[in-house]
Structure formats: C-alpha cells, structure tokens
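# Per-entry structural report
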There are 4 protein chains.
Amino acid sequence: MSTPSPSIFEHPIRVYWEDTDAGGIVFYANYLKFFERARTEWLRTLGFGQQVLRDESGGMFVVSETTVKYHAPARLDDTLVVTAELQSGGKASLTIAQRAYLRTPGQTPSSDRLLAEGTIRLGWVDCTNLKPGRIPAPVLEALK
Amino acid sequence: MSTPSPSIFEHPIRVYWEDTDAGGIVFYANYLKFFERARTEWLRTLGFGQQVLRDESGGMFVVSETTVKYHAPARLDDTLVVTAELQSGGKASLTIAQRAYLRTPGQTPSSDRLLAEGTIRLGWVDCTNLKPGRIPAPVLEALK
Amino acid sequence: MSTPSPSIFEHPIRVYWEDTDAGGIVFYANYLKFFERARTEWLRTLGFGQQVLRDESGGMFVVSETTVKYHAPARLDDTLVVTAELQSGGKASLTIAQRAYLRTPGQTPSSDRLLAEGTIRLGWVDCTNLKPGRIPAPVLEALK
Amino acid sequence: MSTPSPSIFEHPIRVYWEDTDAGGIVFYANYLKFFERARTEWLRTLGFGQQVLRDESGGMFVVSETTVKYHAPARLDDTLVVTAELQSGGKASLTIAQRAYLRTPGQTPSSDRLLAEGTIRLGWVDCTNLKPGRIPAPVLEALK
C-alpha cells in the first residue's frame, strides 16, 4: 500500500535548493527535517505548539531514536506529502510513524509514490536540566 | 515603513527546530533560505518553476551577492511572512529586495514587525559549464 | 563498552552554532551529517575521494537506510570523535556502523562518552540515471 | 590580490555532500556557516570559546549584518581555506572581513583562488533577554 490513508495527518512540503545535494536529489538527512515539520504541525493541529508546551510545562520532546528507509529520490520543485501517526506510546516515550510521498501535480493522492518512511521515538525532558520526565497527559491523550 | 505593501509577493514561513540555534532564535544564515523559498514561489507564481527553467533553457540562476540586515530575532513556532520584489534588473543580472516580517496570529498585517531585510543579486549560468549567460527574456519581462 | 577501539577510523568534529537548536544542544538530524563526514574521510584515507569516484566510475553511493540512537546531548564548542567501520557488505550494499563520542579536552580517549550511534546502509547507483549498480570491487575490498 | 596574507587567521574546511546543492556546487548560504566556523576558531585561538564566553559573561555575539560576494563555485571534496580578520570595531559592534579560497592539493597558497568574500557585523547581547550590551573589553582587545 503506497498511498496515505485518509485519516492520517498530512503536511505538504515543497523541495527547494536548500534541500538538495550535488547528486541532484534531496539530501537524505533532510527527510528527518521534513518528518519533524509534519510532526510539529500535527501537534499544533491537536492544540500543542512546541513553544507553548515549553513555556507551560517547562519540558520538551527530545528525539531518542530514528530509523529511515529511502525508497526513491525527490528533486527540486517536487511537492511532497508527509504523514505522521502514532505507532505506540507510553508515559515515557512515543514512537511516531512517518512517510514522505511524492505527489504529482494534477493527480489524485492514489497515485502518490512512497519516497521514504521511518519511525521517530520521542522522550520528554525538563528544559533546564535535560533530565527525562513524563510526557504531559493531555498531549498523550490527544495523540492517541 | 515596516509593513509589506499589498502589491508585493508574500510567502508564509513557519519556524521549526531545524531553523533555530542554541541562542534560542532563528540562525541568521537561514534567512537566506527563507528568502530563497519566497523568491522561488514568486517565480513559480509567474510561471517559472526552477526545474522547468533548467530543463527548458539549460540554464539556471546563481546567486552572485547577498546582503542581509538583522533587526529582531524570530523564535520557534513563529510565523514569518517573506516578501520578494524586483529592485533592479538587466540582461546579465537581477537584484531582488527581500524582507522577513513576524506576523502575530490574530493581528492584521499592519502590525507585522520587520525582522530582516536584504538584497539578492542573481546572475544566469549555463547548467553544464556554469558559464555566465543572458537571463531568458520571458523571465526578465515577467519579473518587471 | 563506551570507548572507540584503537583500530577503528576516527574523525574529529567541532560543534558550531549551525549544528545546535533552540534546545541548546546539537540538532539530532545533524548526527547524520557528522556520520557522513567521518565516512567520507574514511573512504578518502582508503584512497577513494567521492568526486574522483564519480568521475572515474560514473557512479556514487546512495544512502538507503539509516538508524540512529541518541544517548546524550552535545553542546556548542564540544569536540566530538566520530567513528566508522564496516558492519557488513556485499556487492549491492554496505552497512557502516558509526558512533559519535564526546571527547573531554585534556582527557584520554578512555573517558570518551558515547553520544549517538547508528548504522548507515549504502547502495550504489549510476550518476546519470540513478539506477542501482554494483559497488566497484576495489572500494569493497579496501573497506573490508 | 587573491592569496591570503600570512598574518591572517586561516581555517581549513572540507566540502561534504551536506554543503552542496543540485547545481553541483556549494549552496551559497553555506558560506555564512564556513565564515562562522573560521571566526569561532579564530576567537578560540585568542582564548575565547563561545560557550565559555556565555557562561562567564552572560552575553553572546549576534550577527547584525552580513554581505557576501560569490566569485567562483566550490565542489564536493574541495578543500577551502577560510580567513577572518578585524575590519573595524567599537564597543557596541565589530565588523569582521572574511574570505574563502580554494586550495589546490599539492599547490602553494600563492595559487589559492578566491571563491567568496564578505563582511560580518557582530553586536553583543545579554543571553537571557537578548538586549544589546557592550562587547567585553578583553575580547575587543584580543581581536585588535
């Protein structure tokens, strides 16, 4: 199955020069940035801007593990659709599944092509001392 | 005058973790990326996607000079509005004036705050040998 | 075991503002850049500069899978030591194991602290059409 | 004059995939990163690591203006030499002149080729409220 499910959060991303490398394609490390933009917008949609979270709770998410598989390259000017969904989650950590698809202009989402997919494991730390803590319950509930 | 003119091209940009540095603000070099995203979307609006330009003309824009003044910092989750307009242009080079404003959610554009402004001078080169050439006439006309 | 083995390739990396984020620490995606710098220097030590490889063979490595675990944060001005070693390899792909350690100035490598570790799976493609190919035999032999 | 003067601070920088774009050359915004790495090492040589400066003085440098002229492109695997020298300085701001040269392996510095040059104007702010302040006198004296 290579198309995003209608119920999964989607965020559009355009490929600019800054994202590419001398191979003529998107530099692989940048998919972690694309994934994060989508995660951030997903959290915002659920009512949790990250700066507000920091100000209110004194804590922030930190990435503790990432895995990415690269299936096909993206190029300058391409439009990607990046998804985010909860794969598993507890009080101390969450794992988010993410995918980047190439969306062809003028085509339906059913023709999207999977470019990259991965998982991002998030922990929660206190902003001042970076010590691990519990993910705020309202955040956890909203994501589930 | 600190608000964008209604006739000038505007592109919204959200600040993510990737854009910030340990000072807690947007890393200054990243405004060049923000400016380029806005320029690229401006060109696209005028009918000139950069990959299409490369494929059709065999040439591409290259940046020959940049100047940026930084007035105030942007932070995580801020929404910026970045403008692009032609300052001067000839057959061999163009200068684009660009500004980044902080737009406060729920406020009108008249309360935008100027964060950074600069000029980007662009030349045109052949993609294969990187030798300077003339900017394609249709591009030049569309920008004016 | 948290210290690099003496026989493993090591590359020193300094943390600059560009590497950090608003959390005050190195942005996690940047470890993929640090890993690549170390891999590149390792290949160069073995006689294979990447541009030379492209020019001579018409091909290049592409990253097909990455995994990274983050154990502890790095900060501005820290000195890291990044290692690279072959974990497994065949004609179509290689897996490189990589680690980033914090090296305290004036301390011996035995007090290095493991910050991040991961694996990078590399395939080989033709530079012009990006189709998969066989890793050049001399490269494969040198890495083993 | 295209070669660095022997009395000017020099910092070597290698070009990696992360630095390049789909034009096959170093992405222009990255010269600001290269300049900063050289400035940082110059300050460190003079006894002022930036994290130490923050911890001891509670303040930090902020970039208030940048200008860069791009003369020739750099490519993957190139070795650059980046210089930093004080152009002018007062209690509230400094201007640093910086240049990036291409150094050909096996050649003397006299054959270095100027790739990019610019000026970076620095102010000084309090780390907590980002309000402008005076550059610490010992830093100012060391740079002159």
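Overview of the structure. In this text the structure is predicted, and so the values were computed from the model without any measurement.

On to the overall build of chain A, then. Helix and strand counts for chain A stand at three helices and five strands. The linear arrangement of helices and strands in chain A, starting from the amino end, is β-α-α-β-β-β-β-α. For chain A, whose C-alpha radius of gyration is 16 Å, the value lies close to the compact-globule estimate of 15 Å for 144 residues. For the C-alpha atoms alone, the extent of chain A along its principal axes is close to 45 × 35 × 25 Å. A total of 144 residues make up chain A; the buried ones form 42% of that total. When contacts within chain A are restricted to residue pairs at least 6 apart in sequence, those whose partners lie at least 24 apart make up 68%.

The next subject is the pairing of strand 5 (residues 113-126) of chain A. Residue and element names in this part refer to chain A. By the bridge criterion, 11 bridges tie strand 2 (residues 59-70) to strand 5 in an arrangement that is antiparallel. Bridging from a neighbouring strand, Val63 pairs with Leu122 of strand 5. Pairing analysis gives 10 bridges linking strand 4 (residues 93-102) to strand 5, with the strands arranged antiparallel. Bridge assignment links Leu102 to a residue of strand 5, and that residue is Arg113.

Let us look at helix 1 (residues 30-45) of chain D. Residue and element names in this part refer to chain D. Between the first and last C-alpha of helix 1 there are 23 Å, a value that for 16 residues agrees with the 22 Å anticipated at 1.5 Å per step. Burial runs high along helix 1: 12 of the 16 residues are buried. For helix 1, the full list of buried residues reads Asn30, Tyr31, Leu32, Lys33, Phe34, Phe35, Glu36, Ala38, Arg39, Thr40, Trp42 and Leu43. Where helix 1 is buried, its residues touch strand 1 (9-14), helix 2 (50-57), strand 2 (59-70), strand 3 (79-89), strand 4 (93-102) and strand 5 (113-126). Downstream of helix 1 by one or two residues, Gly47 has phi in the positive range, about 100°.

Across a sheet, paired strands are connected by hydrogen bonds in the backbone, their directions being either parallel or antiparallel. Spatial ordering of the open sheet is given by 1(B)-3(B)-4(B)-5(B)-2(B)-2(D)-5(D)-4(D)-3(D)-1(D), a layout of 10 strands whose pairing is antiparallel. Strands at the two margins of the open sheet, each flanked by one partner only, are strand 1 (9-14) of chain B together with strand 1 of chain D. Neighbour to neighbour, the strand axes of the sheet diverge by 30° on average, direction disregarded. When strand 3 (residues 79-89) of chain B meets strand 4 (residues 93-102) of chain B, the two strands line up antiparallel, connected through nine bridges.

Once that is clear, we can look at the interface of chain A and chain B. Taken together, the contacts link 13 residues of chain A with 13 residues of chain B. Looking at the side of chain A that touches chain B, the elements with two or more residues in it are helix 1 (30-45) and helix 2 (50-57) of chain A. Element by element, the count of residues in the side of chain A that touches chain B is highest for helix 1 of chain A, at four residues.

With that out of the way, let us pick up the interface of chain C and chain A. Residue-level contacts link 16 residues of chain C with 16 residues of chain A. Of all elements in the fold, only helix 1 (30-45) and strand 2 (59-70) of chain C reach the threshold of two or more residues within the side of chain C that touches chain A. Sorting elements by how many residues they give to the side of chain C that touches chain A places strand 2 of chain C first, with nine residues. Grouping the amino acids of the side of chain C that touches chain A by side-chain chemistry returns nine nonpolar, four polar and three charged. As judged from the five bridges shared by strand 2 of chain A and strand 2 of chain C, these two strands associate in the antiparallel manner. For A:Lys69, the partnering residue across the bridge sits in strand 2 of chain C and is C:Glu65.

Moving on to the relation of the copies chain A and chain B. Between chain A and chain B, which share one sequence, the superposing operator has a rotation angle of 180° and an axial displacement of 0.0 Å; the RMSD is 0.0 Å. What the rotation and shift describe, once combined, is the action of a two-fold rotation axis. Across chain A, the smallest distance between a C-alpha and the rotation axis is recorded for A:Ile13, namely 5.7 Å. When the interface residues of chain A are mapped onto chain B, 100% of them again fall at the interface, so both copies present the same face.

On the secondary structure map, A:Trp17 appears in the loop between strand 1 (9-14) and helix 1. Sequence separation of A:Trp17 and A:Leu76 is 59 residues, and the distance between their C-alpha atoms is 6.4 Å. Among residues more than four places away in sequence, those in contact with A:Trp17 are A:Leu76, B:Glu36, D:Asp21, D:Ala22 and D:Phe27.

A few words now on the nonpolar core. Among the nonpolar cores identified, the biggest contains 156 residues, and A:Leu80, B:Leu80, C:Leu80 and D:Leu80 are the most heavily contacted of them. Aside from chain neighbours lying at most four places away, what touches A:Leu80 is A:Ile13, A:Val15, A:Phe34, A:Ala74, A:Ala100, A:Tyr101, A:Leu102, A:Arg103 and A:Leu115.

On to the pairing of strand 3 (residues 79-89) of chain C, then. Residues and elements named next belong to chain C. Relative to strand 3, strand 1 (residues 9-14) runs antiparallel, the two being bridged by six bridges. Opposite Glu10, over in strand 3, you have Thr83 as the bridge partner. Counting the residues that bridge the hairpin from strand 3 to strand 4 (residues 93-102) gives three residues.

One open sheet holds the 10 strands; their spatial order is 1(A)-3(A)-4(A)-5(A)-2(A)-2(C)-5(C)-4(C)-3(C)-1(C), and the pairing between them is antiparallel. With partners counted over all chains shown, the strands left at the sheet margins are strand 1 of chain A together with strand 1 of chain C, one partner each. For this sheet, the mean angle separating the axes of adjacent strands, direction not counted, is 30°. The strands touched by helix 1 of chain C are strand 1, strand 2, strand 3, strand 4 and strand 5 (113-126) of chain C; relative to strand 3 of chain C, the strand with the most contacts, the crossing angle is about 65°.

Cut-offs and rules
- Residues numbered from 1 in each chain as written.
- Chains lettered and ligands numbered in written order.
- Predicted model: local features only at pLDDT ≥ 70, side-chain atom pairs only at ≥ 80, totals over all residues.
- Helix = DSSP H or I, 4+ residues; strand = E, 2+ residues; numbered from the N terminus.
- Rg over C-alpha atoms; globule rule 2.2 N^0.38 Å.
- Buried ≥ 20, exposed ≤ 12 C-beta atoms within 10 Å, placed from the backbone.
- Contact = placed C-beta atoms within 7 Å.
- Pairing = 2+ DSSP bridges.
- Expected span 1.5 Å × (residues − 1).
- Axes fitted to C-alpha atoms, helices over the stretch in contact; angles between N-to-C directions.
- Nonpolar A, V, L, I, M, F, W, Y, C, P; charged D, E, K, R; others polar.
- Least-squares fit on C-alpha atoms with pLDDT ≥ 70 in both.
- Core = buried A, V, L, I, M, F, W, Y, C linked by C-beta atoms within 7 Å.

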